[in-house]
Amino acid sequence: MSASGRQQALDRMVEAGVSQPARDTFARHYDHLAAGATGLIAESDVEPALPSAHLEDVEVGEDEAREALAATAVITLNGGLGTSMGLAGPKSLLPVRDGLTFLDITVRQVLALRERFDVTLPLVLMDSFSTREATLEVLERYPDLEVDGIPLDFVQSQEPKLRADDLTPVTWEADPRLEWCPPGHGDLYPSLLASGLLDQLLDGGFRYAFVSNIDNLGAVADGRVAAWFAGSGAGFAAEVCRRTEMDKKGGHLVRRRADGRLVLRDTAQTAEDEMVHFMDGDKHPFVNTNNLWFDLARLRDMLTERDGVMELPLIRNAKTVDPTDKGSTPVIQIESAMGSAVELFDDAAAIAVTRDRFVPVKTTNELALLRSDAYAVDGTSYRLSRTVDPAPVVDLTKDCYGMIGDFDERFPHGVPSLVDAERLEVEGDWRFGAGVRVEGVAHLGPEGGTVEDGTTLGGA
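Criteria and thresholds
Residues numbered from 1 in each chain as written. Predicted model: local features only at pLDDT ≥ 70, side-chain atom pairs only at ≥ 80, totals over all residues. Heavy atoms only, no water. Helix = DSSP H or I, 4+ residues; strand = E, 2+ residues; numbered from the N terminus. Rg over C-alpha atoms; globule rule 2.2 N^0.38 Å. Buried < 20%, exposed > 50% of the residue type's maximum accessible area, 1.4 Å probe, protein only. Contact = heavy atoms within 4.5 Å. Areas by Shrake-Rupley, 256 points an atom, 1.4 Å probe, with all protein chains shown as cover. Lys, Arg positive; Asp, Glu negative; His and termini not counted. Charge placed at Lys NZ, Arg CZ, Asp CG, Glu CD. Axes fitted to C-alpha atoms, helices over the stretch in contact; angles between N-to-C directions. Parallel < 35°, antiparallel > 145°, perpendicular 65-115°, else oblique. Nonpolar A, V, L, I, M, F, W, Y, C, P; charged D, E, K, R; others polar. Polar contact = N/O pair within 3.5 Å; in protein donor to acceptor, adjacent residues only side chain to side chain. Core = buried A, V, L, I, M, F, W, Y, C linked by side-chain atoms within 4.5 Å. Pairing = 2+ DSSP bridges. Expected span 1.5 Å × (residues − 1). Salt bridge = Lys/Arg side-chain N within 4 Å of Asp/Glu carboxyl O. Phe/Tyr/Trp six-rings, centres within 6.5 Å; stacked < 30°, edge-to-face > 60°.

### Considerations on the overall build of the protein chain
Here is step 1 of the chain: Per the secondary structure count, the protein chain includes 13 helices and 26 strands.
Here is step 2 of the chain: Over its C-alpha atoms the protein chain spans a radius of gyration of 22 Å, differing by no more than 12% from the 23 Å that the globule rule assigns to 460 residues.
Here is step 3 of the chain: By its C-alpha atoms, the protein chain is 65 × 60 × 50 Å across when sized along the principal axes.
Here is step 4 of the chain: Among the 460 residues that make up the protein chain, the fraction classed as buried is 55%.
Here is step 5 of the chain: At a minimum sequence separation of 6, the contacts of the protein chain that also span at least 24 residues come to 70%.
Here is step 6 of the chain: In the form shown here, the protein chain has an accessible surface area of approximately 19,700 Å², with 46% of it arising from carbon and sulfur atoms.
Here is step 7 of the chain: Positive and negative side-chain charges in the protein chain, numbering 44 and 77 respectively, have mean positions lying 2 Å apart.

If you want it as structure tokens, here you go:
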């Protein structure tokens, strides 16, 4: 069964033009999956991991920051379509502040850093086949962005979804595109190699890479972190920050008891009965931001030694072939996380950063915060900053606000003021007027209705 399914999947990948490193990586993961691997990390096998440095304690001069950034390239993950929020195109093209999209702000942040430090600082997007065309069209508005010898993007790989019953590639005639899935952002490493970008960056004089998700606008190539990483001598470093209620299910670093190495653990790698430990903020107080730094030369050496295959831990993701149809064929998606490469470097480090470097937007709850006055964007550096500390908690019922079209319809005049809020909970179908403010804790019940112009909610 396994051998047949494995070869069928690899044959499909060859026909689709998937690179050799990506196929070899898939084959290695397939073998682990067929052997019964779950990818789960037991709480008893790990212990909490504390960061080795804190950014607030790092003192860096302007010259040190400039030198580190001059050797740094920015790689930003841009493969997502945002289907969980009802988007049909790249998530990066969703307007978030003042008519600017994630992509607009990310590009402007890089251009501002170039001007301030007089450095090259290339920005390269890891696109998917679904996001590339629309993204490159938008980037035509920024003719000064491209760096000679370095492409604006490279394309991540793809792999077949596997039937859960026999691990053969699934067939879905209703929409054959749904037969394929991205292999998780752990595909970054084989795709860097196969695309030639890794060699191009090193040949261009760049030694370090800063990698982040495009929907985290706090992830700027900060000169202080760059200088700290360059001075640390580490081959790989992950940024972590203090957990809050809104990311209690976020992945975190732990230390493996067997060998003492740092390991990334995500929710998909945690058994249901151990989620209580996973979400314990006292036991595991730091969340992984997915802001990563690594040494490009060390990475190339590692990939060369391993024939292009990074031995990243398997993530077994159980889905249905059509994610919108829970009655469609059950499938397994083989995935890996780019942050899990932390365990491959014996000198890997973690640095605790301030919360302003981690502002992920995975749901409309986070989007509401980002669009509110709880955040501001500087008009020169385009850095995101929080206007209140801590940030309020927003909890909108998914049924009415989970999709971006429904969200915008219910906030036609924008998100209420949250600068004086602690928490906003909305259970029912409420439409918000103009000039609405939230003070303290506010709760709107399941009955739904209209919040009139100028209303102040909460205050108790």
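### Considerations on the packing of helix H2 (residues 20-34) against helix H6 (residues 188-195)
Here is step 1 of the chain: Orientation of H2 relative to H6, taken along the N-to-C sense of each, is 155 degrees, at an axis distance of 8 Å. In terms of axis orientation, H2 runs roughly antiparallel to H6. Across the interface between the two elements, Pro21, Ala22 and Thr25 from H2 touch Pro190, Leu193 and Ala194 from H6.
Here is step 2 of the chain: In terms of residue class, the contact of H2 with H6 is built from five nonpolar, one polar and no charged.

### Focus on helix H11 (residues 364-371)
Here is step 1 of the chain: A large share of H11 lies buried, amounting to seven of its eight residues.
Here is step 2 of the chain: Of the residues making up H11, those classed as buried are Thr364, Asn365, Glu366, Leu367, Ala368, Leu369 and Leu370.
Here is step 3 of the chain: Of the residues flanking the start of H11, the one acting as N-cap is Thr363, its side-chain oxygen 3.2 Å from the backbone nitrogen of Asn365.

### Description of the nonpolar core
Here is step 1 of the chain: If you look at the biggest cluster of nonpolar residues, it comprises 81 residues, and the most contacted ones within it are Trp228, Leu370, Tyr401, Phe407 and Phe432.
Here is step 2 of the chain: Setting aside its immediate chain neighbours within four residues, Trp228 contacts Ala53, Val58, Ala237, Ala349 and Ile351.
Here is step 3 of the chain: The next biggest cluster of nonpolar side chains, apart from the first, holds 44 residues, and it includes Ala49, Leu188, Met338 and Leu344.

### Remarks on the environment of Leu253
Here is step 1 of the chain: For Leu253, the position within the fold is in strand E13 (residues 252-256).
Here is step 2 of the chain: On the accessibility criterion, Leu253 (7% relative accessible area) is buried.

### A short note on the sheet that holds strand E18 (residues 349-352)
Here is step 1 of the chain: One open sheet accounts for eight strands, arranged E2-E18-E12-E15-E11-E3-E6-E7; its pairing is mixed. Looking at strand neighbours, the two that pair on one side only are strand E2 (53-54) and strand E7 (153-155), the edges of this open sheet.
Here is step 2 of the chain: Pairing between strand E11 (residues 208-213) and strand E15 (residues 286-295): four bridges, direction antiparallel. Its bridge partner lying in E15, Tyr208 is registered against Asp295.
Here is step 3 of the chain: Running over the sheet, helix H4 (residues 102-117) touches strand E3 (72-78) and strand E6 (123-127) and is turned about 155 degrees from E6.
Here is step 4 of the chain: H6 contacts E3, E6, E7, E11, strand E12 (236-242) and E15 of the sheet and is inclined by roughly 110 degrees relative to E7.

### Digging into H4
Here is step 1 of the chain: A rise of 1.5 Å per residue sets the reference length of H4, with its 16 residues, at 22 Å; its end C-alpha atoms lie 23 Å apart and thus fit the reference within 8%.
Here is step 2 of the chain: Within H4, twelve of the 16 residues are buried, which leaves the element mostly enclosed by the surrounding structure.
Here is step 3 of the chain: Along H4, the residues classified as buried are Phe102, Leu103, Asp104, Ile105, Thr106, Val107, Gln109, Val110, Ala112, Leu113, Arg114 and Phe117.
Here is step 4 of the chain: At the C-terminal side of H4, Asp118 shows a positive phi close to 55 degrees.

### A look at the sheet that holds strand E17 (residues 330-335)
Here is step 1 of the chain: Strands sit in the order E9-E17-E16 across an open sheet of three strands; the sheet is antiparallel. Whereas interior strands pair on both sides, the edge strands pair on one side only; in this sheet they are strand E9 (162-163) and strand E16 (315-320).
Here is step 2 of the chain: Bridging between E9 and E17 involves two bridges; their strand directions are antiparallel. The residue of E17 that forms the bridge with Leu162 is Ile332.

### What about the pattern of salt bridges?
Here is step 1 of the chain: Within the structure shown, the criterion is met by 28 salt bridges.
Here is step 2 of the chain: Lys91 is the salt-bridge partner of Asp215, the closest N and O atoms lying 2.8 Å from each other. You can see Asp215 sitting in the loop between E11 and helix H8 (223-232) and its partner Lys91 sitting in the loop between E3 and strand E4 (95-97), a full 124 residues away along the chain.
Here is step 3 of the chain: Among the ionic pairs, Arg437 bridges to Asp420, the shortest N-O distance being 2.4 Å. In this pair, Arg437 sits in strand E24 (residues 437-444) while Asp420 sits in strand E22 (residues 417-426), placing the two residues 17 residues apart along the sequence.
Here is step 4 of the chain: With relative accessibility at 28%, the residue Arg437 sits in the partly exposed group.
Here is step 5 of the chain: Linked through salt bridges whose partners overlap, the residues forming this network are Glu43, Arg265 and Lys283.

### A closer look at the packing of aromatic side chains
Here is step 1 of the chain: By the definition in use, this model includes eleven aromatic pairs.
Here is step 2 of the chain: With centroids separated by 6.0 Å and ring planes inclined at 50 degrees, the aromatic side chains of Phe26 and Tyr30 adopt a geometry described as tilted. Of this pair, Phe26 and Tyr30 both sit in helix H2, four residues apart, which is roughly one turn of that helix. Judged on exposure class, the residue Phe26 and its partner Tyr30 are both buried.
Here is step 3 of the chain: An aromatic cluster of at least three residues, connected via ring pairs, comprises Tyr208, Phe210, Trp228, Phe229 and Trp293.

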